[in-house]
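Chains, contacts and geometry: an overview
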Amino acid sequence: MGVCSLPVSFYECLLLPHNTSDHMENIDGYLMKYTNLVTGWQYRFFVLNNEAGLLEYFVNEQSRPQKPRGMLPLAGAVISPSDEDSHTFTVNAISGEQYKLRASDAKERQHWVSRLQICTQHHTEAMGKSQPPSKSRSYSTASQGSGSSPMSMRRHSQNPASLFGWSQVRGSSAYSSKRSLLPDHLMDAREMMSQAQGQHKDLIQGIEGLPATPGLSPLDQDLLMLKATSMATMNCLNECLHILHLQQMARQRSSLGGPTIEWLEPKLPDILKNGSSSLGSFATGEGPLEGNRLELSSPESCNFSGEQEDIDAEDELEDSFTDKEEDLGAVEEERSVILHLLSQLKLGMDLTRVVLPTFILEKRSLLEMYADFMSHPDLFVTITDGSSPEDRMVRFVEYYLTSFHEGRKGAIAKKPYNPIIGETFHCSWKVPKRPDASKEPSQGSPDPTASSQDSYQVRFVAEQVSHHPPVSGFYAECQERRMCVNTHVWTKSKFMGMSIGVSMVGEGCLYLLEHDEEYTFTLPCAYARSILTVPWVELGGKVTINCAKSGYSAVITFQTKPFYGGKLHKVTAEVKHNSTNTVVCRVQGEWNGVLEFSFTNGETRVVDVTRLPVTKKHVRPVEKQGPTESRRLWQHVTEALRQKDIEKATEHKRVLEERQRTEERHRVETETPWRTRYFDREGEGWVYHKPLWKNSTFKS
């Protein structure tokens, strides 16, 4: 099962075979160490320090007199030869930190593994003896059911260690040490889990042992579903129990005092040290990178007094930023990092102030991601061409449903940069005019933007207007079509166990000035699923679109995938006339695939989102952008990610975030209020300071 690849607890080492003839021996030599998905394998010089019970490593043998580059305490560690080849093995410390190592051949691996196991066993037993045994509670089998039940029948034969594939404990002293170190409530949980594992095996064997008869066979669909459900449930419970164990071990440091066990406090992997005070940060005086010290470009000053920048459209060029986010692949090598982070979280915990590891970042700011939702501006500008209120509502629903696919850069869930307060993003799109789309301006309202150009221009601006809570405002307009959209979004992230949920709190409003119509709308929730394996994104929740003047509304439901069966990314929608409660259009399909529109007159229309043309945005070159514009602000982080230098990207990101905290402290000390540039606070929302609907020139 997948759990066996997780960094597991230190009790497993008690189950190692004990050979009294073995002697402890200090050994050293070069091994390959796996760093992460980007850096890969690197040669490092390792030293087994038997006296201290440490596995230390250095950049090379010449640097051995210096401080070790890293070290793992071996007391309670698990030494595991890998099944993937004959050279690889892992060392899992009880803090959750893991070294994945590779020897030159099978013989060398066996030498290292055997010596590490001897050292591990010695120091684990020493630690166990230093702790007085706690009173152990007998586990009453009678209290859990009748002796004839399948569960009670397995209690005497099933050892809790088998949950993780451990060997049977030999000798009462080993078991006593194990019980004295393991908290009672977790021990009971493991015993009950072990019994559940036994029942699961009985179920599988019972199903697979059925005779292949026409009436019932092991391949019956319901039985296959039952097997899959049982397996998935056990996998989920195993992973949850392991996370609980990591949390418990972190808490034990306060009760296991003494200098020999100071290492019980979980060590934070360097990749998590992004500047969060709660999760640790790089020391100011020490370079965090191996080899040469990290050289950072000094950050530009971003202090400003709220003045707007004049954006010259002539400076904007078609976007050449074509980086597609690479798939993370199976994140086994980062699992210890993620598990360490998860062990500090609680279900429902707000992740707003939690700094996530840099390797999951995509190379753009959240503000730019909002702009990428506008990648079909041709559909946007034709909303106002609808011949009736019903037609315009359906057109808006079509544009809304097709906007999310291009906003994602690939199927793998990666996280955009958290915008710095005051950060802005500007861009525009050129939309070719179609002969059937051109309309004469309303009489008495000459169109001041009319020109002989063959395209419309859609302009976009976004600003991070608040840091806590994190609120973004963005605005887009097409002056020639006399239409604009204003939106404010507060992103609230919550930990949900094996998923992360992001609520998009806020609302937007589309203004069609030619028809004097306003369409208010909300946004769906987003979920990063399977964060321990290959993370992926799905949308969920119910959103509404409403036009008070026309009396038409729409309800869109983004459906999350059920545990078994069903399709991914399914969405349904209904457009109805409120006064008559008549549904005039229904939509079903996938928001990132094919959508089918069905109308009351029997007509249907199919839209394949993946085949819609994508209009590239126009953005000014970085050298012409202001210091607070997204691409210039994050340029060093982005470049480091392009070069796959995760640690350099982490440090550049930390510098930006630390500067933001410093400036925030300064504003508090001087009682200086924050002033936004492009958006003003109105009630509970944020509105662009110069919207079209406030410009008398564009009013009908």
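For the structure itself, consult the block above.
Report on the accompanying structure.

Calculation rules
Position numbers for residues start from 1 in each chain and track the written sequence from start to end. Two thresholds apply to this predicted model, a pLDDT of at least 70 for residue-level local features and 80 or more for giving and counting side-chain atom pairs, whereas whole-chain, interface and lining totals are computed over all residues. The side-chain figures draw on all heavy atoms in the structure; neither hydrogens nor water molecules are used. Going along the chain from the N terminus, every DSSP run of H or I of four or more residues is numbered as a helix, and every run of E of two or more is numbered as a strand. Relative accessibility thresholds used throughout: buried, under 20% of the residue-type maximum; exposed, over 50%; partly exposed, between the two (1.4 Å probe, protein chains only). Here, residues are in contact when the closest pair of their heavy atoms is within 4.5 Å. Exposure was quantified through the Shrake-Rupley algorithm and a 1.4 Å probe, taking into account, for residues, occlusion by the shown protein chains and nothing else. Only strands that DSSP links by at least two bridges are regarded as paired with each other. Fitted lines through C-alpha atoms serve as axes, helices being fitted only where they are in contact, and the angles separating the N-to-C directions of these axes extend from 0 to 180 degrees. The set of buried Ala, Val, Leu, Ile, Met, Phe, Trp, Tyr and Cys residues whose side-chain atoms join them within 4.5 Å is what this entry labels a nonpolar core. Pairing of N or O atoms within 3.5 Å defines a polar contact, subject to two protein rules: one partner must be a possible hydrogen donor and the other a possible acceptor, and residues neighboring in sequence count only if both atoms are side-chain atoms. Here, the term disulfide refers to a pair of cysteine sulfur atoms separated by no more than 2.5 Å. Multiplying 1.5 Å by the helix residue count minus one yields the expected span of that helix. Stacked, tilted and edge-to-face are the three classes assigned to paired rings of Phe, Tyr and Trp, where Trp is represented by its six-membered ring and a pair needs centres within 6.5 Å; plane angles under 30 degrees give stacked, over 60 edge-to-face, the rest tilted. Lysine NZ or arginine CZ positioned within 6 Å of the ring centre and within 35 degrees of the ring normal marks a charge as sitting over the ring. In this scheme, roughly parallel covers angles under 35 degrees and roughly antiparallel covers those over 145, while 65 to 115 is roughly perpendicular and the rest are oblique. Residues are sorted three ways: Asp, Glu, Lys and Arg are charged, Ala, Val, Leu, Ile, Met, Phe, Trp, Tyr, Cys and Pro are nonpolar, and all the rest, Gly among them, are polar. A carboxyl oxygen of Asp or Glu within 4 Å of a side-chain nitrogen of Lys or Arg is what we treat as a salt bridge. Note: the arc covers the axis-to-C-beta directions of the helix.

Description of the overall build of the protein
Each helix and strand in the protein was counted, giving 12 helices and 26 strands. With 700 residues in all, the protein has 51% of them scored as buried. In the protein, the share of contacts with a sequence separation of at least 24, taken over all contacts with a separation of at least 6, comes to 63%. Of the accessible surface of the protein, which amounts to about 33400 Å², a share of 50% is contributed by carbon and sulfur atoms.

Re the pairing of strand S25 (residues 679-682)
Working note: regular strand, side chains alternate between the two faces of the sheet. Pairing geometry for S25 and strand S26 (residues 685-688), over four bridges, is antiparallel. The partner of Asp-680 across the bridge, within S26, is Val-687. In this antiparallel pair of consecutive strands, S25 and S26, the connection spans two residues, and Gly-683 shows a positive phi of 65 degrees.

Description of the sheet that holds strand S4 (residues 70-73)
Read from one edge of the open sheet, seven strands run S4-S3-S2-S1-S7-S6-S5, paired in antiparallel fashion. Both edges of this open sheet fall to S4 and strand S5 (78-81), since each of them pairs with a single strand only. Ignoring which end each strand starts from, the neighbouring axes of this sheet average 35 degrees apart.

Some points on the nonpolar core
Judged by nonpolar contacts, the single largest core of 61 residues is most densely connected at Phe-380, Phe-460, Ile-545, Ile-556 and Phe-558. Considering every element that reaches this core, the biggest residue donor is helix H9 (residues 389-407), with eight residues. What Ile-545 contacts, discounting residues up to four positions off in sequence, is Met-393, Phe-396, Val-397, Tyr-400, Tyr-519, Thr-520, Phe-521, Tyr-552, Ser-553, Ala-554 and Ile-556. Leu-48, Ala-77, Tyr-99 and Leu-116 belong to the second largest nonpolar core, which has 20 residues in total.

As for the pairing of strand S2 (residues 41-49)
Where strand S1 (residues 28-34) lies against S2, seven bridges are found, and the strand directions are antiparallel. Its bridge partner being in S2, Met-32 is matched across the sheet by Tyr-43. Alignment of S2 against strand S3 (residues 54-58), held across five bridges, turns out to be antiparallel. Pairing of Val-47 across the sheet is with Glu-56, part of S3. A loop of four residues connects S2 with S3, the two strands running antiparallel in sequence, and Gly-53 in this loop sits at a positive phi of about 70 degrees.

So, unusual backbone geometry
Of the consecutive residues His-468 and Pro-469, the connecting peptide bond is found in the cis state with omega at 0 degrees. Relative to the assigned elements, Pro-469 resides in the loop between strand S12 (455-466) and strand S13 (471-478). Even without a glycine there, the phi angle at His-569 is positive, about 60 degrees. In this fold, His-569 is placed in the loop between strand S19 (552-559) and strand S20 (570-577). Even without glycine at this site, Glu-671 takes up a positive phi of about 55 degrees.

Here's the deal with the side chain of Arg-481
If you trace the backbone, Arg-481 turns up in the loop between S13 and strand S14 (483-495). For Arg-481, a relative accessible area of 5% corresponds to the buried category. At 3.1 Å, the side chain of Arg-481 forms a polar contact with the backbone oxygen of Val-381.

Observations concerning the environment of Val-606
Within the fold, Val-606 resides in strand S23 (residues 604-608). Taking the C-alpha atoms as reference points, Val-606 and Gly-589, separated by 17 residues in sequence, lie 9.5 Å from one another. Contact partners of Val-606, with chain neighbours within four places excluded, come to Val-594, Leu-595 and Glu-596.

So, the state of the cysteines
Inspection of the entire model under this criterion finds zero disulfides. Not engaged in a disulfide, the cysteine Cys-484 finds its nearest cysteine sulfur in Cys-509; these two sulfurs lie 8.1 Å apart.

Some points on helix H12 (residues 646-670)
In a regular helix each residue adds 1.5 Å, so 25 residues correspond to 36 Å; H12 covers 36 Å between its end C-alpha atoms and thus fits that length. Among all positions of H12, only Ile-646, Ala-649, Thr-650, Glu-651, His-652, Lys-653, Arg-654, Leu-656, Glu-657, Arg-659, Gln-660 and Arg-667 are buried. Immediately downstream of H12, the backbone of Glu-671 shows phi near 55 degrees, a positive value.

Some details on the packing of aromatic side chains
Within this structure, the stated rule accounts for 20 aromatic pairs. Pairing Phe-46 with Tyr-99 gives two aromatic rings, centres 6.3 Å apart and planes at 75 degrees, and the pair type is edge-to-face. Note that Phe-46 is positioned in strand S2 and Tyr-99 in strand S7 (residues 98-102), a separation of 53 residues in sequence. Owing to a relative accessible area of 4%, Tyr-99 belongs among the buried residues under this scheme. A connected cluster of aromatic rings, assembled from ring pairs, spans Phe-373, Phe-396, Tyr-400, Phe-404, Tyr-519, Phe-521 and Phe-558. Residue placement shows Lys-100 over the ring face of Tyr-34; its charged tip is 5.5 Å from the ring centre. Between Arg-102 and the ring centre of Trp-41, over which it is positioned, the NZ or CZ distance is 4.0 Å.

Overview of the packing of helix H11 (residues 635-642) against H12
Orientation of H11 relative to H12, taken along the N-to-C sense of each, is 170 degrees, at an axis distance of 8 Å. Between H11 and H12, the angle falls in the class roughly antiparallel. Listed contacts from H12 to His-636, Val-637, Ala-640 and Leu-641 of H11 are Ile-646, Lys-648, Ala-649, His-652, Lys-653 and Leu-656. Residues of the contact of H11 with H12, tallied by class, amount to six nonpolar, two polar and two charged.

Remarks on the pattern of salt bridges
Within this structure, the stated rule accounts for 25 salt bridges. Across the pair Lys-617 and Asp-372 runs a salt bridge, and its minimum N-O distance is 2.6 Å. Taken together, the residues Lys-617 in the loop between S23 and strand S24 (618-619) and Asp-372 in helix H7 (residues 366-372) connect sequence positions 245 residues apart. Taken individually, Lys-617 and Asp-372 each receive the classification buried, so the pair is uniform in this respect. Arg-661 serves as the salt-bridge partner of Glu-658, at 3.3 Å between the closest nitrogen and oxygen.

Observations concerning the environment of Lys-653
For Lys-653, the position within the fold is in helix H12. Note on Lys-653: relative accessible area 6%, which makes it buried. Between the alpha carbons of Lys-653 and His-636 there is a distance of 8.5 Å; along the sequence they are 17 residues apart.

What about H11?
For H11, the set of buried residues is Val-637, Thr-638, Ala-640 and Leu-641. Projected onto a plane normal to the axis of H11, the buried residues spread over an arc of 165 degrees and lie on a single side. Those residues of H11 that are buried are in contact with strand S9 (361-365), strand S10 (415-417) and H12. Directly beyond the C-terminal end of H11, a positive phi value near 60 degrees is found at Lys-644.

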